[in-house]
Amino acid sequence: VQLVESGGGLAQSGGSLRLACAPSGRTFSTYAVGWFRRPPGKERDFVASISWSGDNTYYRDSVQGRFTISRDNAKNTVYLQMNSLNPEDTAVYYCAASRHRVGVHPWDFENWGQGTTVTVSE
């Protein structure tokens, strides 16, 4: 399944952005979905993930309490609400989907989007 991310952009420190991930051409209501990010010059890191039902969610420690992953299967979209942003959140954010159980590692997901850039200024 092809994934398309949207919602990236420029935010000030303390601000908010909401990213969205939707598949192109098919539903992914039965897929687990994750968000990962690659900060400039660094490795790709796990951010958050959600099971296909939405009953289970996971977060990296540094975003816990600031970011919220959710899904609206009727709209075929997964969201990442990002609040209290700081410059360390600057990265390219990737959406990923898996037909299997939800995970927190890149290898848990078979399908990836192209990424959307988030830049947080001081």
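As the structure is a prediction and not an experimental result, all values here were calculated from the model.

## What to know about the pattern of salt bridges
On inspection of all chains with the given rule, the structure shows three salt bridges. Residue Arg37 is joined to Asp89 by a salt bridge in which the shortest nitrogen-to-oxygen separation is 3.0 Å. Here Asp89 lies in the loop between strand 8 (77–82) and strand 9 (91–98) and Arg37 lies in strand 4 (residues 32–38), a separation of 52 residues in the sequence. Each member of the pair, Arg37 together with Asp89, is buried. Across the salt bridge formed by Arg66 and Asp89, the nearest N and O atoms sit 2.8 Å from each other. With a gap of 23 residues between them, Arg66 in the loop between strand 6 (57–59) and strand 7 (67–72) and Asp89 in the loop between strand 8 and strand 9 connect regions that are remote in the sequence. Each member of the pair, Arg66 as well as Asp89, is classed as buried. Several salt bridges share partner residues, and in doing so they unite Arg37, Arg66 and Asp89 into one network.

## Re the environment of Glu43
Considering the arrangement of structural elements, one finds Glu43 in the loop between strand 4 and strand 5 (45–50). Glu43 sits in the exposed class, given a relative accessible area of 62%. Setting aside chain neighbours within four positions, we find Glu43 in contact with Arg37 and Arg38.

Criteria and cut-off values
- Residues numbered from 1 in each chain as written.
- Predicted model: local features only at pLDDT ≥ 70, side-chain atom pairs only at ≥ 80, totals over all residues.
- Heavy atoms only, no water.
- Salt bridge = Lys/Arg side-chain N within 4 Å of Asp/Glu carboxyl O.
- Helix = DSSP H or I, 4+ residues; strand = E, 2+ residues; numbered from the N terminus.
- Buried < 20%, exposed > 50% of the residue type's maximum accessible area, 1.4 Å probe, protein only.
- Contact = heavy atoms within 4.5 Å.

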